[in-house]
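For reference, the chains in residue letters:
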Amino acid sequence: MKTRILVCGIMTAALSFNAAAADDTSLPSAQGAMRASSKSEVSFKNDVMPILQDHCISCHAPGTKGVMKSGLDLTSYENLMKGTVFGPVVIPGDSASSTFTKLLTGTNKGLKMPMGLNAEGTLDIQYIMTLRNWVKQGAKNN
Ligand code: HEC
């Protein structure tokens, strides 16, 4: 009985280790056009902007409801870094505290982005990893 519990413990530990590793480095390669590994540098222009264009700016360009409600304009690096009327949404180097990346996986006062995109309102995991890694790498205008 004791060995069983021990084996279970080891398996759980191994599983969570795998999950943690997957979170940071590996990618589902099927749609892996995006370079999102934390090892390769993410480019704002080539990697981040296309995601914002496809999934965010329908509501975050001047005159749209995301901008009217929050002031967050996602059509350029400068405007993204300005953030909302309440302040910055990107904290360079800290994707866990940046609202920009936090709202992609969890909610904040009931908000989750991109709003209403699909039933779960969730981006594909490789896009989330690209945005997170860009923030972690210092949120550069590269
Ligand atoms: C269907 C419309 C829509 C889409 C698509 C959308 N947003 Fe939003 N977003 C909004 C609205 C509306 C608000 C303002 C919500 C509020 O303040 O009540 C907002 C607010 C935000 C905020 C500020 C939240 C805060 O704490 O004040 C962030 C960050 C954000 N969006 C990021 C994104 C990102 C990143 C994407 C693309 C992955 C995205 N949004 C796509 C509508 C949208």
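Predicted model, so just to flag it, every value in this text is computed and none were measured.

A. Structural detail: the overall build of the protein chain. For the protein chain, the count of helices and strands is 6 helices and 0 strands. In the protein chain, the order of α-helices and β-strands from amino to carboxyl end is α-α-α-α-α-α. The buried share among the 142 residues of the protein chain stands at 25%. Residue pairs in contact within the protein chain that sit at least 24 positions apart in sequence constitute 49% of those at least 6 positions apart.

B. Just unusual backbone geometry, in detail. Cis geometry marks the peptide bond from methionine 113 to proline 114; its omega dihedral reads -10°. You can see proline 114 is positioned in the loop between α5 (99-105) and α6 (125-136).

C. View of the confidence of the model for the protein chain. Mean pLDDT over the protein chain works out to 80, with 70% of the residues at or above the 70 mark. The lowest-confidence element of the protein chain is helix α1 (residues 2-24), averaging 46 in pLDDT; the highest-confidence one is helix α4 (residues 77-82), averaging 98. Note on residues 8-38: pLDDT under 50 across the span, and 29 contacts to partners over four residues away in sequence or across chains.

D. Quick peek at the nonpolar core. Ranked by internal contacts, the top residues of the largest apolar core, which has 21 residues, are Val48, Val90, Leu131, Trp134 and Val135. Elements supplying a minimum of two residues to this core: α2 (44-55), α5 and α6. Looking at which element gives the most residues to this core, the answer is α6, with 4 residues. Ignoring sequence-local partners within four residues, the contact set of valine 90 consists of Leu80, Met81, Ser98, Phe100, Val135 and Ala139.

E. Expanded view of the site of the ligand. Around the ligand lies a shell of 24 residues, among which Cys56, Cys59, Gly66, Met113 and Pro114 are the nearest. Looking at the shell around the ligand, the elements with two or more residues in it are α3 (65-70) and α5. A per-element tally of the shell around the ligand places α3 first, with 4 residues.

What counts, and at which threshold
- Residues numbered from 1 in each chain as written.
- Predicted model: local features only at pLDDT ≥ 70, side-chain atom pairs only at ≥ 80, totals over all residues.
- Helix = DSSP H or I, 4+ residues; strand = E, 2+ residues; numbered from the N terminus.
- Buried ≥ 20, exposed ≤ 12 C-beta atoms within 10 Å, placed from the backbone.
- Contact = placed C-beta atoms within 7 Å.
- pLDDT = per-residue confidence, 0-100.
- Core = buried A, V, L, I, M, F, W, Y, C linked by C-beta atoms within 7 Å.
- Near = placed C-beta within 6 Å.

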